[in-house]
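Summary of the model geometry
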Amino acid sequence: MIESRVDGRRRVSQRLLPFREAFWGTFIASGGYGWEEGDTAVGEGYADLVAYGRPFLVNLYLPRRFELGAPLNECDATTFYSAGAATDPAVGYTCYPFFD
């Protein structure tokens, strides 16, 4: 289930809880979770798994970054889906800093 995070908050809401309780299978939550929020969501039984979309696109080795508490690259939506290619074909998913 995707939970909208349009207000930019970084907390686990309980809006999907009724769906979680009604669904008998593996419940995957998605929608703007950071490491702490994802850990809380799983730890408190709000979800079985948490999906990370955009953070994976811009952070190579995201699980390792979470494990080490390493800084994350910020998403730049202008580089998504080759939008930046209109002005510079070298701009896109490959231009984010690597993790050492």
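1. A closer look at unusual backbone geometry
- At Tyr-61, a residue that is not glycine, the phi angle is positive and equals roughly 60 degrees.
- Within the element layout of this structure, Tyr-61 appears in the loop between helix H3 (54–58) and helix H4 (62–68).

2. Focus: the packing of aromatic side chains
- The full count for this structure, using the stated rule, is two aromatic pairs.
- Judged by centre distance (5.1 Å) and plane angle (65 degrees), the ring pair of Tyr-52 and Phe-66 falls under edge-to-face. Placement of Tyr-52 in the loop between strand E2 (49–51) and H3 and of Phe-66 in helix H4 is noted, with a sequence separation of 14 residues between them.

3. Structural notes on the environment of Glu-74
- Mapped onto the elements of the fold, Glu-74 is located in the segment after H4.
- Relative accessible area serves as the criterion here: at 67%, Glu-74 is assigned to the exposed category.
- Placed 19 residues apart in sequence, Glu-74 and Pro-55 show a C-alpha to C-alpha distance of 8.0 Å.

4. Details of the pattern of salt bridges
- Counting across every chain of the model gives two salt bridges.
- Measuring nitrogen to oxygen at the nearest pair gives 2.9 Å for the salt bridge that ties Asp-48 to Arg-20. Of this pair, Asp-48 sits in the loop between helix H2 (35–43) and E2 while Arg-20 sits in helix H1 (residues 17–22), and the two are 28 residues apart along the sequence.
- By relative accessible area, which is 30% here, Asp-48 ends up partly exposed.

5. Here we look at the environment of Cys-75
- Considering the arrangement of structural elements, one finds Cys-75 in the segment after H4.
- Using a relative accessible area of 38% as the deciding quantity, one classes Cys-75 as partly exposed.
- Considering only alpha carbons, one finds Cys-75 and Val-58, 17 residues apart in sequence, at a separation of 6.3 Å.
- Contacts of Cys-75, omitting those with residues within four sequence positions, involve Arg-54, Pro-55, Val-58, Phe-80 and Tyr-96.

6. Some points on the side chain of Ser-30
- Within the secondary structure layout, Ser-30 lies in strand E1 (residues 28–30).
- On the basis of relative accessibility, which here comes to 19%, the residue Ser-30 falls in the buried class.
- Apart from the residues within four sequence positions on either side, Ser-30 is in contact with Met-1, Ile-2, Glu-3 and Ala-51.

Procedures and definitions
- Residues numbered from 1 in each chain as written.
- Predicted model: local features only at pLDDT ≥ 70, side-chain atom pairs only at ≥ 80, totals over all residues.
- Heavy atoms only, no water.
- Helix = DSSP H or I, 4+ residues; strand = E, 2+ residues; numbered from the N terminus.
- Phe/Tyr/Trp six-rings, centres within 6.5 Å; stacked < 30°, edge-to-face > 60°.
- Buried < 20%, exposed > 50% of the residue type's maximum accessible area, 1.4 Å probe, protein only.
- Salt bridge = Lys/Arg side-chain N within 4 Å of Asp/Glu carboxyl O.
- Contact = heavy atoms within 4.5 Å.

So, to be careful, I would describe these as geometric facts and stop short of saying anything about function.
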